[in-house]
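# Examination of the molecular architecture
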Amino acid sequence: MRQFLLNRALQSLVVIIIMSFVIYSLIGLMPGDPIDLMISANPNMTASDAAALRELYGLDLPIYERYWNWLGAALSGDLGYSRLFGQPVLAVLLPALKNSLILMGTAFLLAVCIAIPLGTLAASKPRSAVDYGVNLFAFAGISIPSFWLALMLIIVFSVFLGWLPAGGIASNGAGLLEYVKYMVLPVATIATLSIGSYSRYTRSSMLEVLRQDYVRTARAKGASNSRVVWKHALRNAMIPVVTILALDFGYLFSGALVTETIFSWPGMGKLIFDSVMGNDFNLALVALLFATALTLIGNLLADICYALLDPRIVIGGGKA
Amino acid sequence: MNKNSPLFLAFRRFRRHKLAIFSVCVLLSMVLAVVFAPLFEAWLGVGANDVDLYSRMVGPSLSHPLGTDELGRDVLLRLLYGGRISLFTGLTAACFAATIGTVIGLLAGYFGGRLDAVLMRLTDSIIALPLLPLLIVLAAIDLSKLGLPQAIVESENVSFYRIVLIVAITGWTAVARLVRGATLSIKEREFIMAAQGVGAGHLHVMFSHILPNLLSPIIVAVTLSIGGVILLESVLSFFGLGIQPPMASWGNMLTNAQQLIWEAPMLAVYPGLLIFITVISFNFLGDGLQDAFDPKAEY
C-alpha cells in the first residue's frame, strides 16, 4: 500500500513537472508577447528599444532556457506579477481560490445530497416510472450545454422574473442573504450538471450490489425492500461512487470555467479564462498549473479512498 | 438476414429501446434539414450570412420564420448552416479521436510490456488533467508562431481544423483504454494463435483479426463521445475560440446572445435548444446501442 501510494505520488509529480513545461511552451505560443504589449502601450518605443527590452527580460533565449529561469524563480517563491491586476500573482490567486471553493463546495454538497438518494431510489425500483424519470433527468443533466443552462436561468430568473442578479458577487460588507442571492444561479447550474452524472453512477453501482448473494440472503431473512436497499446495499454501493466524487475533488479548487465566466463569479475558472484571454502570461501560467496540480491531487485522493473503503482491494500485487 | 445472426439479435434488442429509436428519427430529420439548407435559403430568398441592418432582431414572420438576429440575418437559416458545422465537427472529431485511441489501444494491448506501460501512463496522465482550461489555451495559441504558412493560418476553414485537432488529441483516451482491455483478452484466443502460427505479421493480426472483434464496443464509445464533442465545440465557439464568424455554428450564435439577453432573449434559446436535443439524442442512441450489443451490461 505504501509502495503504491509512493509510486502514484511520484507519477503525479512527474506529470506536474512535464505539464509545467508544456503549459509554459503553450503560453509562449499565444498571440503577442509582453514586449508587444509594451510597444502598444508606448508609441515612442523604437525597434532597438524593443530588442533591448527583449534581451533584458531574457525573451530572446531559447524556450528551455526561459523555462529553466522561470522554474528557478518560481521555486524560490517569485511567481511574478499579474499584468491585468497589477499585483503579485499569489495575491490575485488566493481570493479566487476562496471564491471557487465556496461556490463549488456548495454546489458539490447540494448535488451529492440530491443525486445519491435519487440514484438509489431509481435502482430500488428498476424499470418503474421513478426509474425512467430519474434516468431522463440524468441524461438531460449530462447533455445540456452548461453555458446555455446558465443563459436560460438568467433569462427566467433575472430578465423575466427579476428575482436574482444576472451575475457578479456581493460587495464587501453585504449581508449573508445578499451573498447567497448571487450564488443561487451559478450553484444551480453546476449542481444540475453534476446531479446527472452522480445519480447515474449511484444507480448502476446500486444495481450491481443488489444482484449479490448477501442481498438475496437479507431478503430471504425477511428484510423489507427499503431496509435491504438503504441499510444493506447502500454502503457497498457507495464505494465506486465515493471514488468518482473524489475524482471531482480537484475541480472544487480549479473552479467551473464556463459557469464562473458567464456569471462573472471571481473564482479560479474565470481567472484562468480572463488571464488567457487578456495575455496575462504570469497569471495564466500559475493558475493553470495550480488547477493541474489540484486535479492530480484529487485523483490521488480517489485512489486512496478506494483502497481504504474496500477491504477486498489489495494494492501492490499482494494476494487477493 | 439470418434470424439468429448476432447482428439481427442486436437489432431486435435495439428496436425495443424506444428512446433510442426516437433519437435516430430526430437525428435523421436534423441531418436532412441541414443537408437541404440551400433549399430553405432559395425558398426564403435570402442568404444565411446576408446582413440587413434595417430589420434587426425582428420577431417571427413569413419571410423570417424564427425572426432575425442583431445584424438582421435570418435565424432559421443560420441555425441550419450552424447545424451543418456543429454536426460535421462532432462526427469528424469523434471519429478522428477514436482512430487515434484504437491504434494506441491496439499497440498497448497487443505488444504489452514496456510499450504498454508507457502508453497507459500517458493515457492516465491525460485523463487526470483539467481539460477545459487547457483546451482554452490550445484554442487561443497563435498558429503563425508554430511556423505554419500564412496561407493556412488565414484560410477560412482553419478554425474548423483546429477544433477537430484539439478534440482528437485530447479525446482518444477512453477508446484507448477500452480497446487495450479488449485486445488483452482477445489476443489469448486460439484463432489469434492460429493466425500467428501460419505466419501472419503483427500488423495483419492486429488490424484484420483483433480489430473486427472490437468494432461494436468502439461504435458504442464513438456514439457516446459525439455528444461530448458537440458540447466542447459549442463551448469553445461560444467563447469565440472555436468556429469563427461569419461562419455560423450553434456555439458562436450564442456568443452575442448573452449581450442581447435583455433585448432579444429568444436569440439565446434556439441554438442551445438544438445543441441540447442533438447531444441528448446521441447519448440515448449510444445507450441503446450499448444495450443492444452487450445485453449483459445492464440488468
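The rules behind each value
Residues numbered from 1 in each chain as written. Chains lettered and ligands numbered in written order. Predicted model: local features only at pLDDT ≥ 70, side-chain atom pairs only at ≥ 80, totals over all residues. Heavy atoms only, no water. Helix = DSSP H or I, 4+ residues; strand = E, 2+ residues; numbered from the N terminus. Contact = heavy atoms within 4.5 Å. Areas by Shrake-Rupley, 256 points an atom, 1.4 Å probe, with all protein chains shown as cover. Lys, Arg positive; Asp, Glu negative; His and termini not counted. Charge placed at Lys NZ, Arg CZ, Asp CG, Glu CD. Core = buried A, V, L, I, M, F, W, Y, C linked by side-chain atoms within 4.5 Å. Buried < 20%, exposed > 50% of the residue type's maximum accessible area, 1.4 Å probe, protein only. Domains from an automatic or database assignment. Expected span 1.5 Å × (residues − 1). Arc of directions from axis to C-beta. pLDDT = per-residue confidence, 0-100. Buried area = accessible area lost by both parts, 1.4 Å probe. Salt bridge = Lys/Arg side-chain N within 4 Å of Asp/Glu carboxyl O. Polar contact = N/O pair within 3.5 Å; in protein donor to acceptor, adjacent residues only side chain to side chain. Nonpolar A, V, L, I, M, F, W, Y, C, P; charged D, E, K, R; others polar. Phe/Tyr/Trp six-rings, centres within 6.5 Å; stacked < 30°, edge-to-face > 60°. Lys NZ or Arg CZ within 6 Å of the ring centre and 35° of its normal. Bend = angle between axes of the 7 residues up to and from the residue. Patch = residues over 30% accessible without salt bridge, like charges linked within 9 Å, V, L, I, M, F, W, Y side chains within 5 Å.

## A word on the overall build of chain A
Of the regular secondary structure elements, chain A holds 14 helices and 0 strands. Starting at the N terminus and walking to the C terminus, you meet the elements of chain A as α-α-α-α-α-α-α-α-α-α-α-α-α-α. C-alpha atoms of chain A, sized along the principal axes, occupy 90 × 60 × 35 Å. Taking the intrachain contacts of chain A between residues at least 6 apart in sequence as the baseline, contacts between residues at least 24 apart amount to 73%. Only carbon and sulfur atoms are counted for the fraction: they give 66% of the accessible area of chain A, which is about 15,800 Å². If you average the places of the 21 positive and of the 17 negative side-chain charges in chain A, the two averages end up 23 Å apart.

## Brief notes about the nonpolar core
Inside soluble globular proteins, nonpolar side chains tend to come together where they are buried. F239 and L254 of chain B are the most contacted members of the largest nonpolar core, which totals 128 residues. In terms of residue count, the dominant contributor to this core is helix α11 (residues 202-238) of chain B (16 residues). Viewed by domain, this core spans two of them, domain 1 (2-89) and domain 2 (97-309) of chain A, each represented by three or more residues. In terms of nonpolar packing, the next biggest core, distinct from the first, is built from 32 residues, I190, A191, I195 and A237 of chain A among them.

## Some points on helix α2 (residues 18-35) of chain B
Residues and elements named next belong to chain B. The first and last C-alpha atoms of α2 sit 26 Å apart over 18 residues, in line with the 26 Å expected at 1.5 Å per residue. Within α2, burial applies to A20, S23, V26, L27, M30 and V34. Each buried residue of α2 sits inside an arc of 115° when the element is viewed along its axis, so together they form one side. Turned more than 90 degrees away from the buried face of α2 sit K18, F22, L28 and L32, all of them exposed. Buried residues in α2 make contact with α1 (6-16), α3 (37-44), α4 (75-111), α12 (250-253) and α14 (266-293).

## Considering the confidence of the model for chain B
Summarising the model, chain B shows a mean pLDDT of 82, and 89% of its residues fall at 70 or more. Confidence estimates for the predicted assembly give a pTM of 0.84 and an ipTM of 0.83.

## Structural notes on the domain arrangement of chain A
Residue and element names in this part refer to chain A. Partitioning chain A into domains gives domain 1 (2-89) and domain 2 (97-309). On a C-alpha basis, the centroid separation for the pair domain 1 and domain 2 is 34 Å. Across the boundary between the two partners, domain 1 contributes 27 residues, which contact 22 residues of domain 2. Together domain 1 and domain 2 conceal approximately 2,100 Å² of surface at their shared face, both sides included; 77% is due to carbon and sulfur atoms. Linking domain 1 with domain 2 are 0 salt bridges. On inspection of domain 1 and its partner domain 2, the count reaches 0 residue pairs in polar contact (both at pLDDT 80 or more). Counting only elements with at least two residues in the side of domain 1 that touches domain 2, the list comes to α1 (2-28) and α2 (34-41). Of the residues assigned to the side of domain 1 that touches domain 2, the class counts are 19 nonpolar, 5 polar and 3 charged.

## Re the environment of A188 of chain A
The residue A188 of chain A is located in helix α8 (residues 176-210) in this model. In sequence terms A188 of chain A and D131 of chain A are 57 residues apart; their C-alpha atoms lie 23 Å from each other.

## What to know about the packing of aromatic side chains
Aromatic rings considered in pairs are described by the distance between their centres and by the relative angle of their planes. Evaluation of the coordinates by the stated rule reveals 12 aromatic pairs over all chains. Where Y110 of chain B meets F111 of chain B, the ring centres are 5.1 Å apart and the plane angle is 85°; that geometry is what we call edge-to-face. A residue is classified by how much of its surface remains accessible, and F111 of chain B, at 40% relative accessible area, is partly exposed. Three or more aromatic residues joined by ring pairs form one cluster here, namely F147 and F273 of chain A together with F238 and F239 of chain B. A cation over an aromatic ring shows up here: R200 of chain A above the ring of F139 of chain A, its NZ or CZ 4.6 Å from the ring centre.

## Some thoughts on the interface of chain A and chain B
Contact residues are listed per partner, giving 50 residues for chain A and 42 residues for chain B. For the chain A and chain B pair, buried surface summed over both sides reaches about 4,100 Å², with 78% attributable to carbon and sulfur atoms. It is L29, F147 and W148 of chain A in chain A that bury the most area against chain B; as a group they hold 15% of the surface buried on that side. Summed over the shared surface of chain A and chain B, the result is 0 salt bridges. Taken together, chain A and chain B are joined by 3 residue pairs in polar contact (both at pLDDT 80 or more). Only α1, α6 (129-143), α7 (146-160), α8, α12 (257-262), α13 (268-277) and α14 (281-309) of chain A provide two or more residues apiece to the side of chain A that touches chain B. Considering every element that reaches the side of chain A that touches chain B, the biggest residue donor is α7 of chain A, with 9 residues.

## Let's talk about the pattern of salt bridges
Taken as a whole and judged by the stated rule, the model has 7 salt bridges over all chains. Its salt-bridge partner being K270 of chain A, residue D274 of chain A comes within 2.9 Å of it at the nearest N-O pair. Pair noted here: D274 of chain A and K270 of chain A are both in helix α13, with a separation of 4 residues, about one helical turn. Among the ionic pairs, R177 of chain B bridges to D124 of chain B, the shortest N-O distance being 2.6 Å. With a gap of 53 residues between them, R177 of chain B in helix α9 (residues 173-186) and D124 of chain B in helix α5 (residues 113-127) connect regions that are remote in the sequence. For R177 of chain B, a relative accessible area of 42% puts it in the partly exposed group. Counted as one network, the salt bridges with shared partners bring together R121, D124 and R177 of chain B.

## Some thoughts on helix α10 (residues 225-247) of chain A
The terminal C-alpha atoms of α10 of chain A lie 31 Å apart, and with 23 residues this matches the ideal 33 Å at 1.5 Å per residue to within 8%. At L234 of chain A, α10 of chain A shows its maximal kink, close to 55°.

## Considering a positive patch on the surface
A surface patch of like charges, here positive, comprises R127 of chain A together with R12, R15 and R16 of chain B. With respect to the helices and strands, the residue R127 of chain A is situated in the loop between α5 (89-124) and α6. Residue classification places R127 of chain A among the exposed positions, given a relative accessible area of 52%.

## A look at a nonpolar patch on the surface
Residue and element names in this part refer to chain B. A cluster of nonpolar side chains, namely V31, L32, V35, F36 and L39, defines an oily patch on the protein surface of about 460 Å² accessible area. Per-element tally for the nonpolar patch: the top contributor is α2, with 3 residues. Mapping V35 onto the fold places it in helix α2.

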